[in-house]
Amino acid sequence: MSDGAAGKPGSLLIIGGSEDREDARHILERFVTLCGGPAGRIAVLTAASKIGELVWQDYQRAFAQLGAHHCVPIHIESRAAANHPAMVAAIDSADGIFMTGGDQKRLLSLVGGTAVAQALHAALARGACVAGTSAGASAMSDAMLTYGRARLKPVKGTVGMGKGLGFLHGVIIDQHFSQRRRLSRLLTVVAQNRSLIGIGIDEDTALLIGAGEGIEIIGAGTVTVVDGRSMVTDIDSIDPRAVPEMLDVRLHILPAGRSHRIAGGAQPGALSDFLHLATRIVQP
């Protein structure tokens, strides 16, 4: 079991969904590496899904094909289960925890504020890797998208938010991003919540965040960053369902294979600001 380096927090692997589980498996392979290699202990948390056993079997097979055989499922169907000592013990003994897709509202309704949620934070603090795909990705930050249709343009009042697991502050995460044409949805969120940086992650793409270190993009697609903190908008004065004016919105496109570090070199101002925010992994 990983205990970190001198209390150094672990890493977050935030996956946009539909990651390759059959062929090259670059993202899952990286997760196994972050867990310490094939000998690492992996816990698969299926609480976001209504078909947890089937989802677990899929990931068990994928991880086994990568040589990682020390995997256990964590199936949670009630908040009582999320407070059970056996569930907490499974997380406490893991080098990596993988949160599957499904519905992020279901995930938070079952896990949010429970002993399992506390154990996830403790695992990250001691150096484990916490990964989440699709709904598991959306749940990573303090603020979480709960609903919102993809539209051709930003529209006031068409997205909903709730409380996430809180591994990151100051950002909000969307997934299946390019494939489901969710840029307007993310713009709407940022217009209504100007203190948040929006992060959209494509399918089969992951944003790897190391606390205080930097970021890396893994997989096949891109990560889109929407920064509206310097934006001028009229969204507070327009009617619901109207399109807001949004001036001076900053947009970053980060393709797979790129990495940016905080130490060892200056970054462009806006990106550097994002890096410092994104890598500020919350301590329990």
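This text goes with the structure placed above it.
All figures in this text were calculated on a predicted structure; none of them were measured in a lab. In every chain, residue numbers begin from 1 and rise along the written sequence. In view of the model being predicted, local features appear only for residues whose pLDDT reaches at least 70, and side-chain atom pairs are presented and counted only at 80 or more, with totals across whole chains, interfaces and linings using the full set of residues. The side-chain values count all of the structure's non-hydrogen atoms but skip hydrogen atoms and water molecules.

Enquirer: In this structure, what is going on with the side chain of glutamine 104? I would like to understand it.
Expert: Helix and strand assignments follow DSSP, with helices taken as H or I runs no shorter than four residues and strands as E runs no shorter than two, numbered in order from the N terminus. Locating glutamine 104 in the fold gives a position in helix H5 (residues 104–111). Throughout, exposure labels follow a simple rule: accessible area from a 1.4 Å probe, protein chains only, divided by the maximum for the residue type, with under 20% read as buried, over 50% as exposed, and the rest as partly exposed. The buried category is assigned to glutamine 104, whose relative accessible area is 10%. Polar contact criterion, stated in full: a pair of N or O atoms within 3.5 Å, where within protein one must be able to donate a hydrogen and the other to accept it, and residues adjacent in sequence count only if both atoms are side-chain atoms. Here leucine 145 takes part through its backbone oxygen, which lies 2.9 Å from a polar atom of the side chain of glutamine 104. Aside from chain neighbours lying at most four places away, what touches glutamine 104 is Ala135, Ser138, Met144, Leu145 and Gln175. Two residues qualify as a contact provided that any one of their heavy atoms is within 4.5 Å of a heavy atom in the partner residue.

Enquirer: Would you explain the sheet that holds strand E9 (residues 197–201) in this entry?
Expert: Pairing between sheet strands relies on hydrogen bonds along the backbone, with the strands arranged either parallel or antiparallel. Spatially, E8-E9-E12-E15 is the arrangement adopted by the four strands of the open sheet, whose pairing is mixed. On the outer flanks of this sheet lie strand E8 (171–174) and strand E15 (250–255), each paired with one strand and no other. Looking at each pair of strands side by side, their axes are set apart by 20 degrees on average, direction ignored. The pairing criterion is simple: DSSP has to find at least two bridges between the two strands. Judged from the six bridges that link them, strand E12 (residues 222–227) and E15 form a sheet pairing that is antiparallel. Counted as the bridge partner of threonine 224 is isoleucine 253 from E15. On the sheet, helix H8 (residues 183–192) packs against E8, E9 and E12 and is oriented at approximately 30 degrees with respect to E12. Here the axes come from fitting lines to C-alpha atoms, over the contacting stretch only for helices, and the angles between their N-to-C directions go from 0 to 180 degrees.

Enquirer: In this structure, what is going on with the state of the cysteines? I would like to understand it.
Expert: Disulfide: a covalent bond connecting the sulfur atoms of a pair of cysteines. When the sulfur atoms of two cysteines come within 2.5 Å, that pair is taken as a disulfide. A complete count under the given rule lists zero disulfides for this structure. Between cysteine 35, a free cysteine, and cysteine 129, which holds the nearest cysteine sulfur, the sulfur-to-sulfur gap is 5.3 Å. According to the relative accessible area criterion, cysteine 129 is buried, its value standing at 1%.

Enquirer: Looking at this model, I keep getting lost on the pairing of strand E5 (residues 129–133). Mind explaining?
Expert: Two faces, one strand: in a regular strand the side chains alternate between the faces of the sheet. Burial within E5 is extensive, with five of its five residues counted as buried. Going residue by residue along E5, you find Cys129, Ala131 and Thr133 tucked away on one face and Val130 and Gly132 tucked away on the opposite face as well. Note that strand E1 (residues 11–15) and E5 share five bridges and pair parallel. Within the sheet, the bridge partner assigned to leucine 12 lies in E5 and is valine 130. Sheet topology note: the strand E4 (residues 96–99)/E5 ladder contains four bridges and is parallel.

Enquirer: What should I look at first to understand the environment of aspartate 204 in this one?
Expert: As for its position among the elements, aspartate 204 is in the loop between E9 and strand E10 (205–210). Considering only alpha carbons, one finds aspartate 204 and histidine 176, 28 residues apart in sequence, at a separation of 8.6 Å. Setting aside its immediate chain neighbours within four residues, aspartate 204 contacts Gly17, Ser18, Glu19, Asp20, Ile27, Ile218, Gly219, Ala220 and Gly221. Among the polar contacts listed, one links the side chain of aspartate 204 to the backbone nitrogen of aspartate 20, at a separation of 3.0 Å.

Enquirer: Explain the pattern of salt bridges to me, please; I cannot follow it from the model alone.
Expert: Where side chains of opposite charge bring their charged atoms close, a pairing between them can arise. For this analysis, a salt bridge means a side-chain nitrogen from Lys or Arg found within 4 Å of a carboxyl oxygen belonging to Asp or Glu. Using the criterion set out here, one finds 12 salt bridges in the structure. The shortest N-O distance in the salt bridge between arginine 30 and glutamate 216 comes to 2.8 Å. Taken together, the residues span a long stretch of sequence, with arginine 30 in helix H1 (residues 26–34) and glutamate 216 in strand E11 (residues 214–219) at a distance of 186 residues. Its salt-bridge partner being lysine 105, residue aspartate 103 comes within 3.4 Å of it at the nearest N-O pair. In the salt-bridge network here, residues are joined through shared partners; they are Glu19, Arg21, Asp58 and Arg61.

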